[in-house]
Number of protein chains: 2
Amino acid sequence: MTEIAKLGEFGLIRHLTEGIKPKNASTLRGVGDDCAVMHYPDKEVLVTTDLLMEGVHFDLTYTDLRHLGYKAAQVNISDVFAMNGTPRQLTVSLALSKRFTVEDMDELYAGLRAACDRWGVDIVGGDTTSSFTGLAISITCIGEADAADIVYRDGARDTDLVCVSGDLGAAYMGLQLLEREKSVYYQQVDEAKKRGDKRALEQLAHFQPDFAGREYLLQRQLEGMARGDIIARLREAGVRPTAMMDISDGLSSELTHICTQSHVGCRIYEKNLPIDYQTAVMAEELNMNVTTCALNGGEDYELLFTVPIGDHEKIEAMDDVKLIGHITKESLGRVLVSRDGNEFDLKAQGWNPLK
Amino acid sequence: MTEIAKLGEFGLIRHLTEGIKPKNASTLRGVGDDCAVMHYPDKEVLVTTDLLMEGVHFDLTYTDLRHLGYKAAQVNISDVFAMNGTPRQLTVSLALSKRFTVEDMDELYAGLRAACDRWGVDIVGGDTTSSFTGLAISITCIGEADAADIVYRDGARDTDLVCVSGDLGAAYMGLQLLEREKSVYYQQVDEAKKRGDKRALEQLAHFQPDFAGREYLLQRQLEGMARGDIIARLREAGVRPTAMMDISDGLSSELTHICTQSHVGCRIYEKNLPIDYQTAVMAEELNMNVTTCALNGGEDYELLFTVPIGDHEKIEAMDDVKLIGHITKESLGRVLVSRDGNEFDLKAQGWNPLK
């Protein structure tokens, strides 16, 4: 294991970004100067940024650094797709406490680079510094779109259809699963310590959490896949959403953003919410309402979008896109129609990082 | 005082960015969607990013939040000037621990907005989240430049002149002064506690550090002014630098970057280093070598640049720009010529945040 101080700031950046070759024509100059330089003569430029803090956004007791890097990049890339754009460049700033080694950063960068390679994105800059406490990761993603293609949150209109890609609530269930296994582990360690049971403690060093049959939930929590494939398929099908967001804080919260900014209401059908079998089983096991998980569980990074009602058949024909309801006049409010036909107000109960 | 949890993430962002109106034609959409949208049909796009961590980059015992916001923005804006560009947009990500109030964030944003107003920069986005520990601030600045105007670090050529704006070492001396007054304060508190002297402790609550005659050092440390005025004057004078950087880690460190990337050497004259009177007095008082402070003290955010020797007279005629030496062949190394004519190797001993 190599101490980071041995390389120093510039040595570490050089080491981590070695061999990164820009793939996009819009990348004129990457890492190594005061700024990265980009060329966007015929497109609009999209910029999004996220700050991830250890203990708040990730827990390194069950997230390995490679997955963390992969997810951190995907989450930002997802925001560019959510504008109907194409991601092109990424900058990475890291603040590290002394417990991290050069090899740890290699892992984190392997994840970042894998996500960037997946979507043809160039890593063009960054900042590496120290932290007295945990790890902080700040990522900025830059993308492009034709002016006419950009989809904002404020374009939803009465009678538009409300659609989501993939399925909902799985990332949240994955988090519950990881938290449960973590507490089981610590409980067993505590008990073994109380008993003074050295043999049990040794065995616990090789503790294997029970994830059989839950692989999908874990993958959804740990990888956070951006849905560029859906953007590409919508384009192929000739569908241009009227409003779009990615679902990071939960469906209810994001629907509220679209409705508020578009000055419309919506009517969503519980029976249409896309939920994976593993999500349903896990919710049952934890005695949680699976609809609540689908509505308010965060980090799915699926796309929520509205399309004109004339695109109904095109949407019906698309794999992995589900029609969950429709847009109404603002005065009708935001309504969830339950399986038994009752109506409820949709409330944004998504994750509030400031509570 | 208002708890941040009361507003929530979106409420806080709304509150902080209320009334921000884009001033630049290149800003199409600011805060409030998945991405900010910008329009750069005729220019290259410049992007720089910085991550500032409490305890590493700033100490809130002597930096107020308004100054911190002001400096955080200036530092990023400075990187765009260092490419010979014009800053246009800024995104701000904050991670806050529970001890911060809405009023604290108002102060921080007042500083950010003052710096942005000073340079005509639009705040176009951000992310606000929580932190278990201290405050983290991540800023990304976006700017523009004509392709032919951009100045990289790798363009310095043999016989070019080496110039710096303003003066060096003052920000570092300001930091020493603040650290000294902080330790004087805590020493007096400790002693009063040991004596059980309640009256002294009450008086210490109104402790007034002695900064008389050192105002310039404090200002340099707390405000971190970007030198857009120098960029404008170079343009007016028809001088295009061949290489340029801003001095954040110390002159020696930055000169090393330019020489390494340009494959050249340099010859710098100690007697030409611009040093303010207050910097010299403070170094004397602290028994430090003032040349070492000017060479290795960080955070001056002055511009270091090289110009063709033919621009000698134009540079000589400019206020607040000093000619400190010249570029040589790489084989001649990086040399500091002392006042008494001795030659020393210039070593980058700048601040290493990872040591």
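Residues numbered from 1 in each chain as written. Chains lettered and ligands numbered in written order. Predicted model: local features only at pLDDT ≥ 70, side-chain atom pairs only at ≥ 80, totals over all residues. Heavy atoms only, no water.

> Got a sec to walk through the overall build of chain A? Specific residues and values, please.
A tally of regular secondary structure across chain A gives 11 helices and 13 strands. In terms of its C-alpha atoms, chain A occupies a principal-axis envelope of roughly 60 × 60 × 35 Å. Looking at the 355 residues of chain A, the share that counts as buried comes to 56%. Looking at chain A as shown, the accessible area adds up to about 15,000 Å², and 50% of this sits on carbon and sulfur atoms. (Helix = DSSP H or I, 4+ residues; strand = E, 2+ residues; numbered from the N terminus. Buried < 20%, exposed > 50% of the residue type's maximum accessible area, 1.4 Å probe, protein only. Areas by Shrake-Rupley, 256 points an atom, 1.4 Å probe, with all protein chains shown as cover.)

> An account of the sheet that holds strand 9 (residues 264–269) of chain B is needed here, citing residue identities and associated values.
Residues and elements named next belong to chain B. If you trace the 7 strands from one edge of the open sheet to the other, you get 8-10-7-11-9-12-13, paired in mixed fashion. What marks the edges here is a single partner per strand, and that holds for strand 8 (243–246) and strand 13 (343–345). Neighbour to neighbour, the strand axes of the sheet diverge by 25° on average, direction disregarded. Strand direction decides the pairing type here: strand 9 and strand 12 (residues 334–337), joined by 4 bridges, are parallel. (Pairing = 2+ DSSP bridges. Axes fitted to C-alpha atoms, helices over the stretch in contact; angles between N-to-C directions.)

> Account for the interface of chain B and chain A, naming residues and giving values.
Listed by partner, the interface residues are 67 residues for chain B and 67 residues for chain A. Taking both sides of the interface into account, the surface hidden between chain B and chain A amounts to around 5,600 Å²; carbon and sulfur atoms contribute 56%. Where chain B meets chain A, there are 6 salt bridges. For R153(B), the salt bridge is made with D33(A), and the minimal N-O distance between the two is 3.5 Å. (Contact = heavy atoms within 4.5 Å. Buried area = accessible area lost by both parts, 1.4 Å probe. Salt bridge = Lys/Arg side-chain N within 4 Å of Asp/Glu carboxyl O.)

> I'd like a description of empty space enclosed by the protein, backed by residues and values.
Residues and elements named next belong to chain A. Overall, the coordinates contain 1 cavity of 30 Å³ or more when judged by the stated rule. What the largest cavity holds in volume is close to 40 Å³. As for the largest cavity, its lining consists of I13, T17, V31, V92, Y109, G125, G126, D127 and T128. Listing elements by their share of the lining of the largest cavity, those giving two or more residues are helix 1 (4–17) and strand 5 (122–130). The element contributing the most residues to the lining of the largest cavity is strand 5, with 4 residues. Class assignment for the residues of the lining of the largest cavity results in 4 nonpolar, 4 polar and 1 charged. (1 Å grid on protein atoms, 1.4 Å probe; cavity = no way out; pocket = protein on both sides within 12 Å on 5 of 7 lines; lining within 4 Å. Points joined across faces, edges and corners; volume = space filled by probe spheres on them. Nonpolar A, V, L, I, M, F, W, Y, C, P; charged D, E, K, R; others polar.)

> Break down helix 6 (residues 215–223) of chain B for me, with residues and values.
Residues and elements named next belong to chain B. Every buried residue belonging to helix 6 is among L217, L218, R220, Q221 and L222, and all of these are buried. Its buried side turned inward, helix 6 meets helix 2 (65–81), helix 4 (170–195) and helix 9 (277–285). In the stretch just after helix 6, G224 is the one whose phi turns positive, near 50°.

> Give me the UniProt feature "binding site: Mg(2+) 3" (unreviewed entry) in chain A: which residues, what numbers.
Here, the residues flagged by UniProt with the feature "binding site: Mg(2+) 3" (unreviewed entry) are D34(A), D79(A) and D246(A). Annotated residues spanning 213 residues; largest pairwise C-alpha distance 31.7 Å, indicating distribution over more than one region. By relative accessible area, D79(A) is classed as buried at 10%. If we skip the residues at most four places from it in the chain, D79(A) touches T48(A), D50(A), D246(A), D34(B) and C35(B). Checked against the element boundaries, D246(A) lands in strand 8 (residues 243–246). (UniProt positions renumbered as here; feature names shortened; annotations may be inferred.)

> How would you summarise the relation of the copies chain B and chain A if you had to cite specific residues and measurements?
Least-squares fitting of chain B to chain A yields an RMSD of 0.0 Å, with the superposition described by an axial translation of 0.0 Å and a rotation of 180°. The superposition operator between the copies reduces to a two-fold rotation axis. Of the C-alpha atoms belonging to chain B, the one lying closest to the rotation axis is found on P41(B), 2.1 Å away. Interface overlap between copies is the fraction of interface residues in one copy that are interface residues in the other; for chain B against chain A it reaches 100%, indicating a shared surface. (Least-squares fit on C-alpha atoms with pLDDT ≥ 70 in both.)

> Could you give an account of the UniProt feature "binding site: Mg(2+) 1" (unreviewed entry) in chain A, with specific residues and numbers?
Following the UniProt record, the feature "binding site: Mg(2+) 1" (unreviewed entry) maps to T49(A), D50(A) and D127(A) here. Look at the named residues: they lie 79 residues apart in sequence, but the longest C-alpha span between them is just 14.4 Å, so in the fold they bunch up. Lining residues of the largest cavity drawn from the annotated set just named are D127(A). Tracing the backbone through its elements, the reader meets T49(A) in strand 3 (residues 44–53). The residues contacting T49(A), other than those within four sequence positions of it, are N76(A), S138(A), I139(A), T140(A), T91(B), S93(B), G126(B), D127(B) and T140(B).

> Break down helix 9 (residues 277–285) of chain A for me, citing the residues and quoting the values.
All names here are of chain A. Within the span of helix 9, buried status applies to Q278, T279, M282 and A283. Projected onto a plane normal to the axis of helix 9, the buried residues spread over an arc of 130° and lie on a single side. Opposite the buried face of helix 9, by more than 90 degrees, sit the exposed residues Y277 and E284. On its buried side, helix 9 packs onto helix 4 (170–195), helix 6 (215–223) and helix 10 (290–296). Here helix 9 starts with a cap whose side-chain oxygen sits 2.9 Å from the backbone nitrogen of Q278, and that cap is D276. In the segment just after helix 9, N287 is the residue with positive phi, at about 60°. (Arc of directions from axis to C-beta. Polar contact = N/O pair within 3.5 Å; in protein donor to acceptor, adjacent residues only side chain to side chain.)

> Would you mind going over the state of the cysteines in detail, with residue names and values included?
Scanning the model with the defined rule gives 0 disulfides over all chains in all. The cysteine C141(A) is free of any disulfide, with C35(B) supplying the nearest cysteine sulfur at 7.2 Å. Accessibility expressed as a relative area gives 2% for C35(B), which makes it buried. (Disulfide = S-S within 2.5 Å.)

> Please set out the packing of aromatic side chains residue by residue, giving values where relevant.
All chains considered together, the criterion is met by 6 aromatic pairs over all chains. The ring of Y152(B) has R29(A) lying over it, and the distance from NZ or CZ to the ring centre is 3.6 Å. Cation over ring: R118(B) sits above W119(B), and NZ or CZ is 3.8 Å from the ring centre. (Phe/Tyr/Trp six-rings, centres within 6.5 Å; stacked < 30°, edge-to-face > 60°. Lys NZ or Arg CZ within 6 Å of the ring centre and 35° of its normal.)

> I'd love a proper account of the sheet that holds strand 4 (residues 86–96) of chain A, names of residues and values included.
An order of 5(A)-4(A)-6(A)-3(A)-2(B)-1(B) is seen for the 6 strands of this open sheet, with the pairing classed as mixed. In the strand order of this sheet, the two ends are held by strand 5 of chain A together with strand 1 (27–29) of chain B, each with one partner. Ignoring which end each strand starts from, the neighbouring axes of this sheet average 20° apart. Pairing between strand 1 of chain B and strand 2 (residues 36–39) of chain B: 2 bridges, direction antiparallel. Within the sheet, the bridge partner assigned to R29(B) lies in strand 2 of chain B and is V37(B). Running over the sheet, helix 2 (residues 65–81) of chain A touches strand 3, strand 4 and strand 6 (136–145) of chain A and is turned about 35° from strand 6 of chain A. Here helix 3 (residues 102–119) of chain A sits on the sheet and contacts strand 4, strand 5 and strand 6 of chain A; the angle it forms with strand 4 of chain A, its principal contact strand, is near 170°.

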